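Residue-level structure breakdown
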Amino acid sequence: MTLPLPQNERFYAIWKPLLFFANRQRQLVPTLLEAGPDTKLNVPDVFKIRQAIWENEALLEAFIAQNPSQLSAEDLALAASWIHRCSGKFFIFKHLKKHSIFIDDGRGEVFAVKGLYSSIEDVVGPYLPVLVETVLLPFGDEIIYDGLMQPYNIFFGGG
């Protein structure tokens, strides 16, 4: 239920430079302005930068146009595909062998989503359904999430 290690590394080789670029552009987290590829990130900082990226597509477009990390054409095309992301609230309905089933809370669309280094089940637990807020990204022939998932403390079921 996770991407293979080389694909995980590829995702983060694109995602981290995008985060650093957006932070330098918007100066959201001053302590990360000089961050490099090995800089450890904490969730609140990443969340703040990630919000800015998805709220303003111009940041993603500028990252692709400027290519500050000298990414390959294939990696830039992959980042460009993130324009087609799907963000919002999702019900995680079921964990299967190859992916987890997400249902968009608003439109009812269904997605087969893979985890990154950890399976979705490891991230949110085995008790389903669960309501989460996240951003789903195309990643080649797969759908992943952007590494941040906020579960809601709501339980569904009888009673």
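Preceding this section is the structure that the text describes.
These notes cover the structure that comes with them. These numbers come from a predicted model, not from an experiment.

**Here we look at the layout of surface pockets**
To find the voids left in a structure, one rolls a probe of water-molecule size over its atoms. For the largest pocket, the calculated volume is near 250 Å³. Around the largest pocket, the lining residues are Y12, W15, K16, L19, T39, L41, N42, V43, V46, D146, G147 and L148. At the level of secondary structure, the elements contributing two or more residues to the lining of the largest pocket comprise α1 (5–26), α2 (43–55) and β5 (142–151). When grouped by side-chain class, the residues that make up the lining of the largest pocket number 7 nonpolar, 3 polar and 2 charged.

**Observations regarding the side chain of R50**
Checked against the element boundaries, R50 lands in helix α2. Using a relative accessible area of 5% as the deciding quantity, one classes R50 as buried. From its side chain, R50 meets the backbone oxygen of L148 in a polar contact 3.2 Å long. Setting aside residues no more than four positions away along its own chain, R50 makes contact with W15, L19, T134, V135, D146 and L148.

**Description of the nonpolar core**
In terms of nonpolar packing, the biggest core is built from 44 residues, with W82 and F102 touching the most fellow members. Ranked by the residues each element gives to this core, the list is headed by α1, at 8 residues. Non-local contacts of W82, meaning those with residues more than four positions away in its chain, are made with F11, I14, W15, L18, W54, L60, L137 and P138.

**Description of the sheet that holds strand β1 (residues 86–95)**
Strands sit in the order β3-β2-β1-β4-β5 across an open sheet of 5 strands; the sheet is antiparallel. Only two strands of the sheet have a single partner each, and these edge strands are β3 (110–113) and β5. Neighbouring strand axes in the sheet, compared pairwise and without regard to direction, differ in orientation by 45° on average. Bridge count between strand β4 (residues 130–139) and β5: 7 bridges; the pairing is antiparallel. Bridge pairing links F139 to E142 in β5. Sitting on the sheet, α1 touches β4 and β5, and the angle it makes with β5 is about 65°.

**Focus: the pattern of salt bridges**
Enumeration according to the criterion identifies 6 salt bridges in this entry. Note that D146 is salt-bridged to R50, the shortest N-O span being 2.6 Å. Within this pair, whereas D146 is found in strand β5, its partner R50 is found in helix α2, the two being separated by 96 residues in sequence. Residues E109 and R107 are paired through a salt bridge, measuring 2.7 Å at the closest nitrogen-oxygen approach. The class of E109 is partly exposed, set by a relative accessible area of 38%. Residues joined in a network through salt bridges with shared partners are D104, R107 and E109.

**Details of the packing of aromatic side chains**
Scanning the entire structure with this criterion turns up 10 aromatic pairs. Through successive ring pairs, a cluster of aromatic residues spans F11, Y12, W15, W54, W82, Y117 and F139.

Calculation rules
- Residues numbered from 1 in each chain as written.
- Predicted model: local features only at pLDDT ≥ 70, side-chain atom pairs only at ≥ 80, totals over all residues.
- Heavy atoms only, no water.
- 1 Å grid on protein atoms, 1.4 Å probe; cavity = no way out; pocket = protein on both sides within 12 Å on 5 of 7 lines; lining within 4 Å.
- Points joined across faces, edges and corners; volume = space filled by probe spheres on them.
- Helix = DSSP H or I, 4+ residues; strand = E, 2+ residues; numbered from the N terminus.
- Nonpolar A, V, L, I, M, F, W, Y, C, P; charged D, E, K, R; others polar.
- Buried < 20%, exposed > 50% of the residue type's maximum accessible area, 1.4 Å probe, protein only.
- Polar contact = N/O pair within 3.5 Å; in protein donor to acceptor, adjacent residues only side chain to side chain.
- Contact = heavy atoms within 4.5 Å.
- Core = buried A, V, L, I, M, F, W, Y, C linked by side-chain atoms within 4.5 Å.
- Pairing = 2+ DSSP bridges.
- Axes fitted to C-alpha atoms, helices over the stretch in contact; angles between N-to-C directions.
- Salt bridge = Lys/Arg side-chain N within 4 Å of Asp/Glu carboxyl O.
- Phe/Tyr/Trp six-rings, centres within 6.5 Å; stacked < 30°, edge-to-face > 60°.

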